[in-house]
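Reading the structure
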Amino acid sequence: MSISAEYAEEHKSSPAVLCCRAEEGVVLSSHNLEDPEIFDDLVDQGLLKLDGCLTIGDVLGAKLLKTCDSLTPLTKDLVALADKPAEAAKEEAPAVVAPAASVGAVAAPALGGSLKIHIGEGKGIDIQIPVGALGGTSGVPVVSNAAQAVAGNAGVAAPGAVATDEEVVVRSLTRKHFKITEVKRGPETKLEGTVLTIREGIEKECVDSQKLVVDLKIDIITPDQYHTYSNTIMDVQPIATKEGDDEVGTGTTRVLDGVVMVVSGTDENGVQIGEFGSSEGYLDENIMWGRPGCPDKGDIFIKTNVTIKEKTNMERPGPLAAHTATDLITDEIRKVLKKADESLVVDTETFNQVRRPGKKKVVIVKEIMGQGAMHDNLLLPVEPVGVLGAKPNVDIGNVPVVVSPLEILDGCIHALTCIGPASKEMSRHYWREPLVLEVLHDHEVDLTGVVLVGSPQINAEKFYVSRRVGMTLEAIGPDGAFVTTEGFGNNHIDFASHIEQIGKRGIKVVGMSFCANQGALVVGNKYMTSMVDNNKSEGGIENEILANNTLCTEDAIRALSMLKAEMAGEEVKKAERKWNPNVKTQNIELVSNVTGKPIELVENETSLPMSDKFKEKYMNA
Amino acid sequence: MAKYTDKIIYMEGIIVEVHDGAVGIDLKGRLGFLKIPMRMLISDYEIKVGQEVGFNMSFIEQLSPDVNEKYISNIQKRQEP
């Protein structure tokens, strides 16, 4: 199929291949050329060879010397290039010695005339030309590295930014930390010093509170018991409460350090809730410790093992019942935490939501699951990561909901998402959301807010919510936006559509998702030029290790650098056709070179212990 | 790594189970049964039992003769009363 003149202009440096038969003597235009996007597939299948092929920019306006069939790559002997003004000298060196052959094109001097270098066959070639010899302007070598998405010149503030614009603190959130060193059972729930006691017999009330819950057990897991078998982990939650009448996202929050709530469970038949790639097994082998959504090494787990009615593990009410039953325990702890003595506070942290007028405005769009069942999120509960007062985003129709960055950090999302352990964002993830923190604290950008949008099941609904995202951003009017998604699959359809809706309004956009091998995008569009892959696994797969492939600080830094570069008008290089983990390494290096700050990379599954038997085999092999 | 992943075969199936979080699919020609999470089904219409689905797949190959003890241990746990 031929291409438009505009498209040809965009793809000037792509190979020129005829889309249909063309007669000798014809002057080549975009109508004669095939869409370069399809070439990779044709080359892979051996149907097309692009060796020596000229670029679209070369052949436009040139005369065809010979009648050719469709899909003929246009080479020098087929096209009369002489009619075209010489733009740049070209080297033609068969790569005998690879490094020497990469001479690169040299820009023509402004004084007229052309420098032509022709090398018939090359080996160990060094060409050195004094800069002055080329006339007034020096020749600029255009070095084209392998096409890779590169963050470009990061960390450059917008030139127009005025230093006099003062930062405005919109609202503040204070976190008071209470240290817990021991969790035990006792006659009543209480907090004494650093010891948390949970009332014995509370399990029965949890079970009675939910029709679908048939059993609930509480396990208190201390660090020396990490090598314990557990059913699939549905969620990891901070234990926190608001002081007085404070609302989520503002005022003061009290939080327990060193202890987390962990929800796990099965149905009566022993089928894991959130079947498919469940993370059941030994805790120490299945958790990527220290990820934003995960427990940290040293945390004590208050783990509920919930048994729900048979065959409800895949229905919406099942997982919700497991979460609600667990929240009954959390809520009892919240009540004692509210009353805890001020002297027990070990640390106080303040988060300011700062607006920076005059700086580039950015918005974070977070796509959250909304297909139903465990693909759901409870939004804006009364207590941090609570249940009471929250609305499931499936019931809201998955439409965009605008929240403040501080609401995100204060547990406005109670995550039910249960599928794909390695890429799911659990409740604790939002509590420590790296992208929100990174952007909020960056003095070069003005974070306006966070837009949460659900991902429905049916395509028509996906496009419905996606158009609302476009309109929401149009109303906000930012310079740049991040679009993030957890997991992969059909939610990549709306992910792509959000990027399109935002991009076509002239807003620069960077997408973030787990992709790599297994999560490769299903669709794309011309606005999807800047993407950050959240993958951390060795093989680029969903490796069933809890939160292994979720968004971490290292990804947030890359995405922010990429968006800044885009907003400054720099081009982000095209990605390679297949997943290549080196792109990430190179971008990290580029970013830290510019910022002067080393970026520490998180560990992946290879740092976890292997089961003894497996290790034995592995060591003997 | 599997060796024959480039042998792409077009397959069809019938939706036989619809849950809030998953669908069950019988592969046409009695070639097996597949249960997938909702997220992995691309749908333009309301999902109903009896609808047909299509997809490309390849052969399923063993990756090595080794047994992963982690999965054995999980299976054993599941079978415990």
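Thresholds applied
- Residues numbered from 1 in each chain as written.
- Chains lettered and ligands numbered in written order.
- Predicted model: local features only at pLDDT ≥ 70, side-chain atom pairs only at ≥ 80, totals over all residues.
- Helix = DSSP H or I, 4+ residues; strand = E, 2+ residues; numbered from the N terminus.
- Buried ≥ 20, exposed ≤ 12 C-beta atoms within 10 Å, placed from the backbone.
- Contact = placed C-beta atoms within 7 Å.
- Rg over C-alpha atoms; globule rule 2.2 N^0.38 Å.
- Pairing = 2+ DSSP bridges.
- Axes fitted to C-alpha atoms, helices over the stretch in contact; angles between N-to-C directions.
- Nonpolar A, V, L, I, M, F, W, Y, C, P; charged D, E, K, R; others polar.
- Domains from an automatic or database assignment.
- Core = buried A, V, L, I, M, F, W, Y, C linked by C-beta atoms within 7 Å.
- pLDDT = per-residue confidence, 0-100.
- Parallel < 35°, antiparallel > 145°, perpendicular 65-115°, else oblique.
- Left-handed = near helix turned anticlockwise from the far one by under 90°.
- Expected span 1.5 Å × (residues − 1).

A short note on the overall build of chain A
- Secondary structure summary: chain A contains 15 helices and 27 strands in total.
- The 621 residues of chain A split such that 45% are buried.
- Looking at chain A alone, contacts between residues at least 24 apart form 75% of all its contacts between residues at least 6 apart.

With respect to the overall build of chain B
- Looking only at helices and strands, chain B features 1 helix and 4 strands.
- Counting from the amino terminus, helix and strand elements in chain B follow one another as β-β-β-β-α.
- In terms of C-alpha radius of gyration, chain B reaches 16 Å, well past the compact-globule figure of 12 Å for 81 residues.
- For the C-alpha atoms alone, the extent of chain B along its principal axes is close to 40 × 40 × 25 Å.
- Partitioning the contacts of chain B with sequence separation of at least 6, the portion at a separation of at least 24 is 52%.

Looking at the environment of A:I599
Residue and element names in this part refer to chain A.
- Counting through the fold element by element, I599 comes out in the loop between α14 (582–595) and α15 (612–620).
- Separated by 42 residues in sequence, I599 and I557 have C-alpha atoms that sit 8.5 Å apart.
- Excluding anything up to four places from it in sequence, I599 contacts E554, I557, I588, V591 and S592.

What to know about the sheet that holds strand β3 (residues 33–37) of chain B
Residues and elements named next belong to chain B.
- Reading across from one edge, β3-β2-β1-β4 is the order of the 4 strands in this open sheet, with antiparallel pairing throughout. The strands lining the two open edges of the sheet, one partner per strand, are β3 and β4 (52–57). When strand polarity is set aside, the average angle formed by the axes of neighbouring strands in this sheet is 40 degrees.
- Note that strand β1 (residues 9–18) and β4 share 6 bridges and pair antiparallel. Within β4, the residue paired with G13 across the bridge is V53.

A closer look at the interface of chain B and chain A
- Taken together, the contact between chain B and chain A spans 22 residues of the former and 28 residues of the latter.
- Counting residues per element, the side of chain B that touches chain A draws most heavily on helix α1 (residues 69–79) of chain B, at 6 residues.
- Residues belonging to the side of chain B that touches chain A are distributed by class as follows: 7 nonpolar, 6 polar and 9 charged.

Some points on the domain arrangement of chain A
- Assigned domains of chain A: these are domain 1 (1–87) and domain 2 (168–607).
- A C-alpha centroid distance of 48 Å is found between domain 1 of chain A and domain 2 of chain A.

A closer look at unusual backbone geometry
Residues and elements named next belong to chain A.
- Look at L380: it is not a glycine, yet its phi comes out positive at around 55 degrees.
- Residue position: L380 is located in the loop between β20 (377–379) and β21 (391–392).
- The backbone of E544 shows a phi angle near 70 degrees, a positive value even though the residue is not glycine.
- As for its placement among the helices and strands, E544 is situated in the loop between β27 (531–533) and α13 (553–567).
- On the neighbour-count criterion, E544 (21 C-beta atoms within 10 Å) is buried.

Remarks on the nonpolar core
Residue and element names in this part refer to chain A.
- Core analysis: the largest hydrophobic core is formed by 114 residues, its most contacted members being A481, F482 and A559.
- Sort the elements by how many residues they give to this core and α13 lands first, with 8 residues.
- Other than its neighbours up to four places away in sequence, A481 contacts V362, V363, V365, L473, I502, I507 and V509.

As for the confidence of the model for chain B
All names here are of chain B.
- When pLDDT is averaged along chain B, the result is 90, and 99% of the positions lie at 70 or above.
- The weakest mean pLDDT in chain B belongs to α1 at 83; the strongest belongs to β1 at 95.
- What the predictor reports for the complex is a pTM of 0.80 with an ipTM of 0.82.

A few points about the sheet that holds β21(A)
Residues and elements named next belong to chain A.
- If you walk across this open sheet you meet the 3 strands as β21-β20-β23, and the pairing is antiparallel. On the outer flanks of this sheet lie β21 and β23 (413–415), each paired with one strand and no other.
- Sheet analysis places β20 next to β23, joined by 3 bridges and oriented antiparallel. Looking at β23, one finds that L379 is bridged to I413.

Brief notes about the packing of helix α11 (residues 459–476) of chain A against helix α12 (residues 491–503) of chain A
Residue and element names in this part refer to chain A.
- Contact geometry for α11 and α12: axes closest at 8 Å, N-to-C directions at 30 degrees. Between α11 and α12, the interaxial angle falls into the category roughly parallel. Between α11 and α12 lies a crossing whose hand is right-handed. Every residue of α12 that contacts α11 at N459, K462, F463, V465, S466, R467, V469, G470 and L473 is listed here: I493, D494, S497, H498, Q501 and I502.
- Among the residues forming the contact of α11 with α12, the class breakdown is 6 nonpolar, 6 polar and 3 charged.

Comments concerning α12(A)
- End to end, α12(A) covers 18 Å across 13 residues, agreeing with the expected 18 Å (1.5 Å per residue, within 8%).
- Within α12(A) the residues assigned to the buried category are A:N491, A:H492, A:D494, A:F495, A:A496, A:S497, A:H498, A:I499, A:E500, A:Q501, A:I502 and A:G503.

Digging into the environment of A:L590
Residues and elements named next belong to chain A.
- The residue L590 is located in helix α14 in this model.
- Residue classification places L590 among the partly exposed positions, given that 18 C-beta atoms sit within 10 Å.
- Between the alpha carbons of L590 and N548 there is a distance of 24 Å; along the sequence they are 42 residues apart.

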